[in-house]
Amino acid sequence: MSVASTDIQKLAVDTIRTLSMDAVQTANSGHPGTPMALAPIAYQLFNHEMNYDPSQPHWPGRDRFVLSCGHASMLLYSTLYLAGVKAVDDAGNPTDKLSITLEDIKNFRQIGSVCAGHPEYAEAAGIETTTGPLGAGVSNSVGMAMAEKWLAANYNTDDLTLFDYNVYALCSDGDMMEGIACEAASIAGHLQLDNLCWLYDDNNITIEGDTDLAFSEDMATKFKGLGWNVVTVTDANDREAVSKAVANFHACTDKPTLIIVKSIIGYGAPHKQNTHGAHGAPLGWDEIALAKEAYGLPADKKFYVPDGVIEHFADNLGKRGSEAFAKWSEVWSKYQSAHPAKAAELKSVFAGELPQGWDQDIPVFDACEKGDATRNSGGKVLNAIAKNVPFMIGGSADLAPSNKSDLKFDGAGDFLTNHYGGRNLHFGIREHAMAGITNGLSLTGLKSYCATFFVFTDYMRGAMRLASIMHQPVIYILTHDSIGVGEDGPTHQPVEHLTACRSIPGLYVFRPGDANEVSECYRAAMGLTTHPSAFVLSRQNMPTLDRTKYNAASGCAKGGYVLQDCDGTPDVILMGSGSELCMCVEAADTLTAEGKKVRIVSMPCMDLFADQSQAYRDEVLPPSVTNRVAIEAGIRMSWDRWIGSNGKFVGMSGFGASGPFDQVYAHFGINAEAVAKAAKA
Ligand SMILES: Cc1ncc(C[n+]2csc(CCOP(=O)(O)OP(=O)(O)O)c2C)c(N)n1
Ligand SMILES: [Mg+2]
């Protein structure tokens, strides 16, 4: 029996709904109501609007879909399954297996299923970013849209268009309430990102109940004020209206678009529709049976995929996608012959690799007693690397002159409204969105970095954590790294931040102890292609050590290394990082003059040191030498592992103070004398 086209469309939408309900019920946890309500939106976007080839989920020219309301994860899983999105191999090439199988859906929220509670990037092709913390996804989408603009500006030619895609993000009340969403929307509006479309599920309900409890913004007015094009769809089930709204988005060429969609949570569940009952809990099998009846589907079948639904996706999305991909591939192959050098750069972008020779200009710094601030040497090294990595882009949250994060070489340029080719981004004072956007840039294959004062990582932490969860090799440039900030006082002086950043699994925190350590730490960090790294850099000068006297800074590759040794077993090991390393050196000189045998260990990256073999770690920190002193202008916590229970720590135990930096150091007793004293105690 053939089905009229409207029937099969309805059937496809309802199948997204029932798969989602069944999965949540089977897991006995999750949010069923939002996938039920938004099924028509996901269906319409994927099957009829987006330029997306399910057989080529990593195709660089594809439209991106971000599910910012990650709690509605089953909406994405059901849709990707029905769309027939293919799995990819380790190199990102499509295989003939499905990215998400029905088995995975049956095992929603179970260990081993790619269908995790919230969508996790790289678990299954088609999941463009990890979401769950509300607001994160929409911020990523802005980064993805900026990346498209940047790629188009730098690589499209008059006759060969490689990049011309759109970024869609589906978001909820919770997303919109989050500060990061407003920051991200503000910059997107300012930059006039007309390739960005957010669809806001205006369903008037959150966990605690009606949005009246805590949310009464006029979203249309707000977004118009932010420079967005705003369209309203009064019923999520009206797919024609959704399609018209998307057409309106396409037609708008100077603004991002917000489509406000009114929906009814738990749509179709007779007792729980539009109530709290369809929120963060399964519906119950009885209610599910009634909902299935209401949809006109068999009430007793679980995980039922009616005949024709998968074919329907293949006939629409599949066909449209493979034609678009074939067309793009033709352009790409012409491009490779016409512009081989540019094509080689793009191949690195697509593969997430660094170009040959990226490290050829990393500077070696001459020894110098006066030395330099590591933020300054950091700026030099960043520029030396970025010059040879044409797709390395980033910027600061309005502190580039302080962070020394500007790319200053010829042709670097600024990324500005309608001038999207530049490599210096200006995030404005929006740290959380900055870090979320930087994730979006990285997810597009660009080598991205962002910068601010170290203390403001408090505002970025959510996005930094997600970068690590997603294995994105983002770089954070974090200057003004301690009480060394000086006069700005305790609000601007990081104290617990080194330990706090070190505590994020997979984030490599580098705090180089002189200019050559900056070079070598950058070399190490750039090599970490599946982890983010943070560069914690000083405002104040520190000596550039004479490496003919001290061991080479290349030891930074192992995170910690012996900077200077003594003959035989040390009486004491002095350890430090950053601007306090030179205090270890000074203390070592004093102690040596007094006849002590002293070893100095430089520890620019504890995370990397922890990765080394036990043998190497024992070589640097022999277990028999328990007399150890560490110095760092931060709290003790992350040092305990390295100094052991007999160890001593010179550092901070509370907040800092306002004053000239040297006086602040003196006030808190963080200096070589304190190290020498602790060593003798
Ligand atoms: C940053 C953050 N805070 C809190 C939560 C927990 N949480 C999950 S869903 C939700 C609110 C749900 O309301 P809404 O965003 O409107 O989504 P809907 O239920 O309407 O789909 C909350 C508070 C979260 N996921 N992220
Ligand atoms: Mg809501």
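Since this is a predicted model, take the numbers as computed values, not measurements.

Caption draft 1: View of helix α10 (residues 285-295). Among all positions in α10, only E287, I288, A291, K292 and Y295 are buried. Each buried residue of α10 lies within a common arc of 140° when the element is viewed along its axis, so the set occupies one face. Structural note: α10 exposes D286 and E293 on the side pointing more than 90 degrees away from its buried face. Downstream of α10 by a residue or two, G296 has a phi angle that is positive, lying close to 85°.

Caption draft 2: Seen up close, the pattern of salt bridges. This model, assessed by the stated rule, comprises 22 salt bridges. Close ionic contact of D194 with K149 constitutes a salt bridge, the shortest N to O distance being 2.7 Å. Of this pair, D194 sits in the loop between α7 (179-191) and β5 (196-202) while K149 sits in helix α5 (residues 136-155); the two residues are 45 residues apart in sequence, bridging distant segments of the chain. Neither D194 nor K149 differs from the other in exposure class; each is buried. Taking the shortest distance from any N to any O, the salt bridge between K319 and E323 comes out at 3.7 Å. On the criterion of helical spacing, the pair formed by K319 and E323 is a turn pair, its members being four residues apart in helix α11 (residues 309-338). Bridged by salt links that share partners, the residues K10, D14 and R17 form one connected network.

Caption draft 3: Structural context of the nonpolar core. Membership of the largest hydrophobic core comes to 158 residues, with the highest contact counts inside it found for W198 and L574. The dominant element in this core, judged by the number of residues it contributes, is α5, at eleven residues. With 69 residues, the next largest nonpolar core counts L19, A39, A72 and A125 among its residues.

Caption draft 4: Inspection of the packing of aromatic side chains at higher detail. Applying the stated rule across the entire model yields 23 aromatic pairs. Judged by centre distance (6.3 Å) and plane angle (55°), the rings of W328 and F350 are tilted. Here the residue W328 occupies a position in helix α11, and F350 occupies one in helix α12 (residues 340-351), the gap between them amounting to 22 residues. On the basis of relative accessibility, which here comes to 9%, the residue W328 falls in the buried class. Given a relative accessible area of 31%, F350 falls into the partly exposed group. Where Y522 meets F535, the ring centres are 4.0 Å apart and the plane angle is 10°; that geometry is what we call stacked. With Y522 in helix α18 (residues 515-527) and F535 in strand β16 (residues 533-537), this residue pair connects regions lying 13 residues apart in the sequence. Using a relative accessible area of 0% as the deciding quantity, one classes F535 as buried.

Rules of the game
Residues numbered from 1 in each chain as written. Chains lettered and ligands numbered in written order. Predicted model: local features only at pLDDT ≥ 70, side-chain atom pairs only at ≥ 80, totals over all residues. Heavy atoms only, no water. Buried < 20%, exposed > 50% of the residue type's maximum accessible area, 1.4 Å probe, protein only. Helix = DSSP H or I, 4+ residues; strand = E, 2+ residues; numbered from the N terminus. Arc of directions from axis to C-beta. Salt bridge = Lys/Arg side-chain N within 4 Å of Asp/Glu carboxyl O. Core = buried A, V, L, I, M, F, W, Y, C linked by side-chain atoms within 4.5 Å. Phe/Tyr/Trp six-rings, centres within 6.5 Å; stacked < 30°, edge-to-face > 60°.

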